[in-house]
Structures are given as structure tokens and as C-alpha cells.
Amino acid sequence: MSPVNLVIFLLCGPVIGQIPLLNATVGGSVLIGCSLPVHQLLIRWFYWQEDQSENILFHSDTNMTMQPIADRYTNRCEAFNTEFSSGNISVILHNVSVGDDQKTFWAYVGFYDVQKKVKKWPEQWCKSKLRVSAPYQDLVLTVSKATNNATCTAHGGYPEPQVSWTGVNRSSTAQLEGAELSLLQDPTKRTFNVTSSVSVKGLQSVTCLISNPDSNESIQSTTEIDAPGCTTRGASCFHESRVPTRKRSAGKAEEMPKHVKELYRARVTAFPQEMMRGNISVKLGKVTLEDDQRFFQAFATLVDRDGRSIRSDPYEPICQMTLHVAVSYQDVSLAVSEETMTAVCTAQRGFPKPLIEWRLQNPSDNSQHFLNPKDVNTSAVQDPQNHLYSLRSTIDIPAGRYRSVTCLIHNPTINVTLLATHLLNKGEAERSLPGWATALIAAAAVACFHLSSSHSYAAVA
């Protein structure tokens, strides 16, 4: 078989010294590597076992005497049968879960010495420890002007995240203190949902950053507090927009479905009980990429109690806006070769085209250095059927001493940035290979403002 989409590969020796750490993503696969010295030796049998337990992952024996596989590992392990004779007894563990986190595995091997024609005493080889993580998804940032608080939520991540807030006022940018943090762990999947709130009094904008300490993956969202319209671009938006009220007729609002175009039937909901108070907003559901850049406007007849129009031109449109649709990028991957000092960053199934930046960290003062776009080679390919983009960005890491290299993928529509970091540790690199970061929202709102132009933002479900 050929290994595909594997997290890490290690060539292991007898169990001595520090135990290698393997990084894996929930739902993915991890290669537990082991290459044995087979010069003048034959492998009679071997099995992989979970440390400090009797759980067997995989067993191979030339005499066909098989050890029972533990239930939790049944149909999850795959080996390279044709490579056993060359000493490669690596196994792939599929469907990684949070329950595999911090487990240690090792191989127990029985050799036959061809030259001496004797069986060697079994040995323990290739001990390694698994570190499991899951990326936080569906980042939503909202601001309540009534309470002067911002709330940031995300879900499906592991382990517990690090949450930080940054605020911008008229003169400076600063880290915000005093944020409240709430974590809720799913009893089945054991992943976390996170909610964090902070005061934004006196600020013009606020940024929420949620980081995974194990995978070095981060997601963030920024919202302008005083901007008109929706207060967040990282989620579906509902605008509390209103037209001028003045005096109105006392008639009852009535929905007229027969006038709705087929394109929008069963997709649009309004708020009839609010219409007499001036709220003629509608909510658009089941957003698709075909809705991107559509222009919407409302027409309303406003009369006083005597039935006289209170607008000079009753056919003049109000609440004009353009809808911007986005899909958060997934399967972010960063691979670095420290031999050639090259880095490759990839992501899948996003919209629109992202903005790519590369950042290097100086070990002496932790300063950040952004690469010149001319030194970055990025290609984005659009699927002709679903119109989503897949991207690949490569760089040559410049000469000099750097602590880490980071790939930043920014979605300009929903203002969400995905980061993947590789720690440069010459000769023994610790890799950060995040899985997916998804922010899929089911509906968007087309709001009604009495403005000349506006924008609305939505994410495709």
C-alpha cells in the first residue's frame, strides 16, 4: 500500500531515552513508524501494544499464531505487509479520536539470527506517544451595544484552547484583560465548545483569537464596533435595521407568497409582527455561491393615518445592499523540509480567493518578519462544479536563524484568518499539521437600512 494523508513518520530504534511524540488530528490517521535492523536477522513475529495495558493493536506471525486485537483497535490498523522482510513494521492508526490522546505504543519483536541459527530473545522497539488535537471551528464573534460586551464562540476543538482579545481605540491597540471563559466538553466526542466574553467599552474594533496549543493552529475574527450594518463578518448576520416610522396606517401586515420568485421560495422569512414598527428586514436561508454579489433593495409604501404618502417618490428604493458569500477554507496543511529549507502550505474548499502571507519569527527577540509577496508562489484552482478554491503556496525559507515559519490564510469576506505554524528545530523538527478549520453558517440575513448602499455577509452551509 502507499501511505496517503499521514501525519508523521518516525524511524525508531530500541526503547531508550526520550519517547518520540506523534501529532495526530481527530478523525485522521497517524503513521506509527518503526524500521528495524534486519541484517542477518529475520522477523519471526511482532505485535504492537498499548503501553501499560494488554490492548494489542496489530499482530503478525510467520507461524500464523495470532494475538487477539483489542476491540478499540479492530479495523483501525493497517501495515505494510510486503515490507516486513526489509524491517519496516510501521502501522497506520486510522480514525484517531480524543480517546487516543497521550497513549504510548511500542512494538514487541521476535528475531531469528540467520548466521547463528538461533532465536533471539524478544525485544521492545519503537516506543512512541500520541498527541491528539482537533481544530476549533465555526468562529462567531458578536457585539452587544446594549451591554458593551463582545462574545466569541467556537466548537469541536481539543485540547482546551487559549483565547485572547485585542481591542483598538482611537489611539492604540492593546490586549484586553478581564475576559470571561466558559468551556463545555462533549460527553461523547470529548471535544470542547468555548465561549468567551469581554468588555469593549470605548473601543472602535475588537479581535478574538482562539489558539490550539498542541497543533499551533489559530482562528480569529475582527469586527468594527461602530460600523453600520452587521457587527460581525464571521457568522450569519441579522440586521436590526428599520425604516423611518412616522405615522402609518393601522392595517395589518400580510405576506404575499404568490409574488415571490421561484429562486427565493422557502428561503426567505420576514417578521410581520415587527413591520408596523418599521422593521421590514428579511432573513435569507440556504445561501449558495450563486447568491454571491447579488444586489438587493426594498420598496415600501409609507402613509400616514389619513392615507397620504409621506415620501415624495413612493417607488424610490430603500435599503440597498450587496450580498457577499463566503466558505471558510478547510484541511489547512503546512509541510516544511529542513533539508531544502522549503515550505508548502495548502488548503481546500474555500471561497472567495484567499489572501496568503508567510511569517518568520526571530528567536532572539521574537520579532515577526513577513515575506515579500514577490518571494511567495501561490496558486488557487477553482473547481468547475462547486466553484470552491483549493490553494497551494510555497516559499524558500531565507537564510538566517528563525524559530518558526507560519502560513496565514485570510478569507477577506468573513474576515477569518487560519494559521499553521512549523517550529524550526534543526534536525528534529516538530510539525504542526492542522486538519480543517470550518466556519459554515446556515443562513444569512438581508437587512433593510435606509442607506444609499450597504453590504451583507454570509457563509455557505
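Residues numbered from 1 in each chain as written. Predicted model: local features only at pLDDT ≥ 70, side-chain atom pairs only at ≥ 80, totals over all residues. Heavy atoms only, no water.

A.B. asks: How would you summarise the packing of aromatic side chains if you had to cite specific residues and measurements?
C.D. replies: Scanning the entire structure with this criterion turns up 11 aromatic pairs. Here the aromatic rings of Tyr 47 and Tyr 108 are separated by 5.7 Å at their centres, their planes lie at 55°, and the arrangement is tilted. In this pair, Tyr 47 sits in strand β3 (residues 41-50) while Tyr 108 sits in strand β7 (residues 104-113), placing the two residues 61 residues apart along the sequence. Aromatic rings pair up to connect Trp 45, Tyr 47, Trp 106 and Tyr 108 into one cluster. (Phe/Tyr/Trp six-rings, centres within 6.5 Å; stacked < 30°, edge-to-face > 60°. Helix = DSSP H or I, 4+ residues; strand = E, 2+ residues; numbered from the N terminus.)

A.B. asks: Could you give an account of the confidence of the model for the chain, with specific residues and numbers?
C.D. replies: Of the residues in the chain, 78% reach a pLDDT of 70 or more, and the chain-wide mean stands at 79. Of all secondary-structure elements in the chain, the lowest mean pLDDT belongs to strand β30 (residues 443-446), at 34, while strand β15 (residues 192-199) reaches the highest, 95. Counting interchain partners and residues more than four positions distant, the pLDDT-below-50 stretch residues 1-16 has 39 contacts. A low-confidence stretch, residues 227-251 stays under pLDDT 50, and its non-local contacts, those more than four residues away or across chains, total 79 contacts. (pLDDT = per-residue confidence, 0-100. Contact = heavy atoms within 4.5 Å.)

A.B. asks: Describe in detail the pattern of salt bridges, supporting the description with residues and values.
C.D. replies: In this structure the tally under the stated criterion is six salt bridges. Residue Asp 100 is joined to Arg 76 by a salt bridge in which the shortest nitrogen-to-oxygen separation is 2.7 Å. Within this pair, whereas Asp 100 is found in the loop between β6 (91-93) and β7, its partner Arg 76 is found in the loop between β4 (56-61) and β5 (77-79), the two being separated by 24 residues in sequence. A relative accessible area of 0% means that Asp 100 is categorised as buried. (Salt bridge = Lys/Arg side-chain N within 4 Å of Asp/Glu carboxyl O. Buried < 20%, exposed > 50% of the residue type's maximum accessible area, 1.4 Å probe, protein only.)

A.B. asks: Can you break down the nonpolar core residue by residue, with the values?
C.D. replies: Judged by nonpolar contacts, the single largest core of 88 residues is most densely connected at Trp 48 and Trp 358. Counting five residues, the second largest nonpolar core, distinct from the first, contains Ala 298, Leu 302, Ile 318 and Cys 319. (Core = buried A, V, L, I, M, F, W, Y, C linked by side-chain atoms within 4.5 Å.)

A.B. asks: Describe in detail the pairing of strand β10 (residues 137-144), supporting the description with residues and values.
C.D. replies: In terms of residue burial, β10 counts as a mostly covered element, since six of its eight residues are buried. Looking at chain direction, β10 and strand β11 (residues 149-157) are connected through six bridges and run antiparallel. Among the inter-strand pairings, Val 140 is bridged to a residue of β11, identified as Thr 153. What sits between the antiparallel neighbours β10 and β11 is a turn of four residues, in which Asn 148 has the positive phi angle 60°. (Pairing = 2+ DSSP bridges.)

A.B. asks: Summarise the sheet that holds strand β26 (residues 376-382); cite the residues concerned and give the values.
C.D. replies: Hydrogen bonding along the main chain pairs the strands of a sheet, whether they run parallel or antiparallel. With respect to topology, four strands assemble into an open sheet ordered β22-β23-β27-β26, the strand pairing being antiparallel. Among the strands making up the open sheet, the edge pair consists of β22 (330-337) and β26. When the angles between neighbouring strand axes are averaged without regard to direction, this sheet yields 10°. (Axes fitted to C-alpha atoms, helices over the stretch in contact; angles between N-to-C directions.)

A.B. asks: Can you explain the environment of Tyr 264? Please cite residues and give values.
C.D. replies: One can find Tyr 264 in the loop between β17 (217-224) and β18 (268-270). What makes Tyr 264 buried here is its relative accessible area of 19%. Expressed as a C-alpha distance, the spacing of Tyr 264 and Gly 285, which sit 21 residues apart in the sequence, is 9.0 Å. In this view, Tyr 264 contacts Leu 284, Arg 294 and Phe 296; residues no more than four positions away in its chain are not counted.

A.B. asks: Which residues make up the environment of Ser 404, and what are the values?
C.D. replies: In this structure, Ser 404 sits in strand β28 (residues 404-411). When the C-alpha positions of Ser 404 and Gln 361 are compared, they lie 5.4 Å apart, and in sequence the two are 43 residues distant.

A.B. asks: An account of the sheet that holds β11 is needed here, citing residue identities and associated values.
C.D. replies: Pairing is antiparallel in the open sheet, where four strands are placed in the order β10-β11-β15-β14. In the strand order of this sheet, the two ends are held by β10 and β14 (180-185), each with one partner. For this sheet, the mean inter-axis angle between neighbouring strands, taken without regard to orientation, is 10°. As paired elements, β11 and β15 share seven bridges and run antiparallel to each other. Considered in β15, the bridge of Asn 149 is made with Ser 199.

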